Amino acid sequence: MDEHVRISHFRNHYELTRKNYMVKNLKRFRKQLEREAGKLEAAKCDFFPKTFEMPCEYHLFVEEFRKNPGITWIMKPFGQHLTGKAHRHSSIYWDGSREGWRIRFQAGSFTQLVARSQGKGIFLFRRLKDIMDWRKGTAGKKLTGLEAPPARNTVNPSGSHDSRSSDDQKDEIPVENYVAQRYIENPYLIGGRKFDLRVYVLVMSYIPLRAWLYRDGFARFSNTRFTLSSIDDQYVHLTNVAVQKTSPDYHPKKGCKWMLQRFRQYLASKHGPEAVEALFSDMDNIFVRSLQSVQKVIISDKHCFELYGYDILIDQNLKPWLLEVNASPSLTASSQEDYELKTCLLEDTLHVVDMEARLTGREKRVGGFDLMWNDGPVSREEGTPDLSGMGNFVTNTHLGCINDRSNQLRQLFRSLQSQKKASS
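All values reported here derive from a predicted model rather than from experimental measurement.

Trainee: In this structure, what is going on with the side chain of Arg220? I would like to understand it.
Mentor: Within the secondary structure, Arg220 sits in strand E11 (residues 209-221). Within the structure, Arg220 has its side chain in polar contact with the side chain of Asp311 (distance 3.4 Å). In contact with Arg220, not counting residues within four places along its chain, are Lys194, Phe195, Asp196, Arg198, Thr239, Asn240, Val241, Cys256, Lys257 and Asp311.

Spelled out as structure tokens, the structure:
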């Protein structure tokens with residue numbers, strides 16, 4: 001691959017962006033921190049709701065469910081989605097493996113595994129009875145057909161190629177898996193409505209870890225006032241724009257988003273600047289810890305980069321919760337303000353990726369991106385910070401602050417051009 005070529009994904013980015021893998025890696029990282037640094041440090045990873053992979057952790061889930069009867073849970077698909085034309089003589093069964101539910105065909109059919117997005121397949125429940133239909137695999141009966149996946153050779157544990165016929169491999173196809181996650185029942189509300197935040201993090205390298213945080217982002221609001229008395233109403237509980245724009249009360253011109261600057265100002269007026277600083281610092285912790293949790297498992301490549309879309313929910317105690325990380329965050333604009341944000345985001349991403357090799361590598365800000373982590377925390381102050389006490393250390397993040405990116409880029413490239421002339 002040529003030196004200048006860049007790819008917008010790491011090879012196994014799903015370690016962070018698939019819900020089940022994300023939780024698994026975070027749990028492992030938390031245990032590692034507890035062993036190496038103690039419980040206090042491990043507690044800094046307590047930013048994701050209790051989660052179980054279904055159906056392989058069904059019995060663990062039931063045990064936890066019965067400890068707290070009556071609370072609300074949310075089921076989310078995580079990408080093992082069967083689409084296909086099931087034969088009328090097919091049977092659905094669980095083989096006990098981590099692949100979960102499988103469907104056996106007695107005659108051939110066209111199938112494909114795809115991922116879910118935009119709130120599809122999500123539902124809330126409070127009783128085990130509510131998910132019995134799903135557990136029996138009936139969800140697979142509603143799926144529709146697309147095309148057949150490419151055949152691939154499999155290797156058994158002894159290292160030899162699997163001798164099963166291609167017909168046998170076609171006959172067993174995984175049915176959609178889910179995660180069951182404890183629902184945050186006390187979300188912070190604005191105007192009585194639930195919302196979550198979309199924040200952008202750009203990772204240029206995992207070894208060493210080098211991550212940038214974008215100043216702009218937005219809060220996505222539901223179109224209906226929040227209540228726990230109606231857990232079946234998607235317009236109350238799901239903030240995805242793809243869901244909300246189908247609401248009868250949705251106004252295309254108004255949309256259902258706030259820019260992060262407006263959101264930060266609102267919180268400061270309600271709770272004071274110190275509480276807001278603490279909240280945004282906790283969010284910085286989420287970004288860094290989540291990336292560290294997959295640092296050793298992501299296949300790092302100098303040709304790769306990743307623009308992640310983090311979804312964060314805030315509860316009434318101003319505690320941020322990580323809901324999920326998106327590998328391909330939507331760049332579709334729902335308003336003029338949204339369009340400007342996303343076009344600037346893409347432009348600044350290309351500036352940081354720097355295929356023209358204009359940057360020196362010492363920059364701490366490029367457009368709307370601030371260097372958050374460079375094999376260690378990055379300070380707002382110039383020079384090498386003293387990390388021994390971390391008492392006066394201030395992280396180089398400005399999420400929700402003024403984004404004067406145009407002026408910054410002009411000054412940056414003017415300075416780089418002057419340096420280049422001086423050295424030639």
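Trainee: Which parts of the structure should I look at to understand the packing of aromatic side chains?
Mentor: Any aromatic ring pair is given by two values, namely how distant the centres are and how the planes are angled relative to each other. Per the counting criterion, the structure on display carries 21 aromatic pairs. Ring centres of Tyr58 and Phe61 lie 6.5 Å apart, and the angle between their planes is 50°; on these two criteria the pair is classed as tilted. Note that Tyr58 and Phe61 are positioned in helix H4 (residues 58-67) at a spacing of three residues, about one turn of the helix. Pair check on accessibility: Tyr58 and Phe61 agree, each one buried. With centroids separated by 5.9 Å and ring planes inclined at 70°, the aromatic side chains of Phe61 and Phe125 adopt a geometry described as edge-to-face. Highlighted residues: Phe61 in helix H4 and Phe125 in strand E7 (residues 123-125), separated in sequence by 64 residues. Across this residue pair, the class does not change: Phe61 and Phe125 are buried. Joined through ring pairs, the aromatic side chains of Phe52, Tyr58, Phe61, Phe65, Trp73, Phe123, Phe125 and Tyr178 make up one cluster. For Lys257, the ring lying beneath its charged end belongs to Phe218, and the centroid distance is 4.1 Å. Geometry around Phe413 places Arg358 over its ring, the cationic atom sitting 4.2 Å from the centre.

Trainee: How should the sheet that holds strand E2 (residues 73-77) be read in this particular structure?
Mentor: Pairing between sheet strands relies on hydrogen bonds along the backbone, with the strands arranged either parallel or antiparallel. Strand order across the open sheet formed by four strands is E1-E9-E2-E7, with antiparallel pairing between neighbours. Each having just a single partner strand, strand E1 (51-54) and E7 make up the two edges of the open sheet. The sheet shows a mean angle of 25° between the axes of neighbouring strands, taken without regard to direction. Where E2 lies against strand E9 (residues 178-182), five bridges are found, and the strand directions are antiparallel. Bridged to Pro77 within E9 is Tyr178. In this fold H4 packs onto E1, E2, E7 and E9, with an angle of close to 140° to the strand it touches most, E1.

What counts, and at which threshold
Residues numbered from 1 in each chain as written. Predicted model: local features only at pLDDT ≥ 70, side-chain atom pairs only at ≥ 80, totals over all residues. Heavy atoms only, no water. Helix = DSSP H or I, 4+ residues; strand = E, 2+ residues; numbered from the N terminus. Polar contact = N/O pair within 3.5 Å; in protein donor to acceptor, adjacent residues only side chain to side chain. Contact = heavy atoms within 4.5 Å. Phe/Tyr/Trp six-rings, centres within 6.5 Å; stacked < 30°, edge-to-face > 60°. Buried < 20%, exposed > 50% of the residue type's maximum accessible area, 1.4 Å probe, protein only. Lys NZ or Arg CZ within 6 Å of the ring centre and 35° of its normal. Pairing = 2+ DSSP bridges. Axes fitted to C-alpha atoms, helices over the stretch in contact; angles between N-to-C directions.

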